[in-house]
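Report on the structure
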Amino acid sequence: MSQGKPSLSQALSHTLQQQILFGDICPGQKLPSQRRLSEAYQLSRATVREAIKDLELKQMVETRHGGGSHCRNLLAPHFDMPVEGIGDNFEFQLQVLEMRAALEGEAAYYAALRATDQQMESIAEEYRAMQQRSSGHTTLAKAKADLRFHMMIAEASHHLLVVCFSQIFYSRYFNAIYGVLDRTLKRHGRYPDGISAQHTQIYQALRNRQPDLARKVAVEHIEYTRRQLEETE
């Protein structure tokens, strides 16, 4: 016996699910308001509310009172590794860099393929701002700027698992990543020139839509940072 035609609310829920699964709506991002969805899809507000409720039941979005509905990180409930007290451990920092090499290589590859023109322009603006912040700022500020640049690339990949894991990874292991930069700075008195040059290579490969090159230079960037860390010991 065939199933009946899906209701309007089910159809809208499916459409929004597809946007989430294909990275058009990123974890943490706010969904369009119910009014805008109603206008965009020519549906009643009641139908839109029903579709949002379906997404909530599937644990794909959460609705905050007065704050609208936000896409959830679908991996977060399944990732609960304690990290307290190990962020400044040398061996753990090496492991974090090894994982970053794999993660950021894939993020750069898919971003070069899939980033929208608007996302490319946002990455360009952040790249230019990051270059201007290369001197005269604290190590903490530089670490945050560095990760913001890489997180924007991950979000532009339109790869749900890359985005979800990047968000979890960066938020949980920021202290370890900050520790790498701090160790490097203390040893050299400044950031190695290679880091800025590699950011430029990554940015240019993205702008030129060269996915294989983007993956290659992104991995090389993290491996270079890893070597810098090893030299501090």
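To be clear, the structure that these remarks concern was listed above.
Because the structure is a prediction, the values reported are computed rather than measured.

This paragraph deals with the overall build of the protein. Of regular secondary structure, the protein possesses ten helices and two strands. Burial statistics for the protein: of 233 residues in total, 45% are counted as buried. Contacts in the protein between residues far apart in sequence, at least 24 positions, make up 73% of those at least 6 positions apart. Of the roughly 12,700 Å² that the protein leaves accessible, carbon and sulfur atoms contribute 50%.

What the second largest pocket holds in volume is close to 200 Å³. In this structure, the second largest pocket is lined by Gly23, Asp24, Cys26, Gln29, Thr116, Gln119, Ile123, Met152, Glu155, Ala156 and His158. Elements supplying a minimum of two residues to the lining of the second largest pocket: helix 5 (117-132) and helix 6 (139-155). Tallied by class, the residues present in the lining of the second largest pocket amount to four nonpolar, five polar and two charged.

What follows concerns empty space enclosed by the protein. Using the criterion set out here, one finds two cavities of 30 Å³ or more in the structure. There is about 70 Å³ of room inside the largest cavity. Together, Leu97, Arg100, Asp146, Ile177, Val180, Leu181, Ile195, His221, Ile222 and Thr225 line the largest cavity. Elements represented by at least two residues in the lining of the largest cavity include exactly helix 4 (90-114), helix 8 (174-188) and helix 10 (211-232). There is about 30 Å³ of room inside the second largest cavity. In terms of lining residues, the second largest cavity is bounded by Glu104, Ala107, Ala108, His150, Ile153, Ile202 and Ala218. The set of elements that each furnish at least two residues to the lining of the second largest cavity consists of helix 4 and helix 6. The element that contributes the greatest number of residues to the lining of the second largest cavity is helix 4, accounting for three residues. Grouping the amino acids of the lining of the second largest cavity by side-chain chemistry returns five nonpolar, one polar and one charged.

Here the focus is the nonpolar core. By size, the foremost hydrophobic cluster in this structure holds 37 residues, and its most contacted members are Ile123, Phe149, Ile153, Phe169 and Leu206. If you list the elements that add at least two residues to this core, you get helix 4, helix 5, helix 6, helix 7 (160-172), helix 8, helix 9 (193-207) and helix 10. Among the elements that make up this core, the one with the highest residue count is helix 4 (seven residues). Apart from the residues lying within four places of it in its own chain, the contact partners of Ile153 are Ala107, Ala108, Ala111, Ile123, Ile202 and Leu206. Membership of the second largest hydrophobic core comes to 14 residues, among which are Leu31, Leu43, Ala51 and Ile52.

Each value, and the rule that gives it
- Residues numbered from 1 in each chain as written.
- Predicted model: local features only at pLDDT ≥ 70, side-chain atom pairs only at ≥ 80, totals over all residues.
- Heavy atoms only, no water.
- Helix = DSSP H or I, 4+ residues; strand = E, 2+ residues; numbered from the N terminus.
- Buried < 20%, exposed > 50% of the residue type's maximum accessible area, 1.4 Å probe, protein only.
- Contact = heavy atoms within 4.5 Å.
- Areas by Shrake-Rupley, 256 points an atom, 1.4 Å probe, with all protein chains shown as cover.
- 1 Å grid on protein atoms, 1.4 Å probe; cavity = no way out; pocket = protein on both sides within 12 Å on 5 of 7 lines; lining within 4 Å.
- Points joined across faces, edges and corners; volume = space filled by probe spheres on them.
- Nonpolar A, V, L, I, M, F, W, Y, C, P; charged D, E, K, R; others polar.
- Core = buried A, V, L, I, M, F, W, Y, C linked by side-chain atoms within 4.5 Å.

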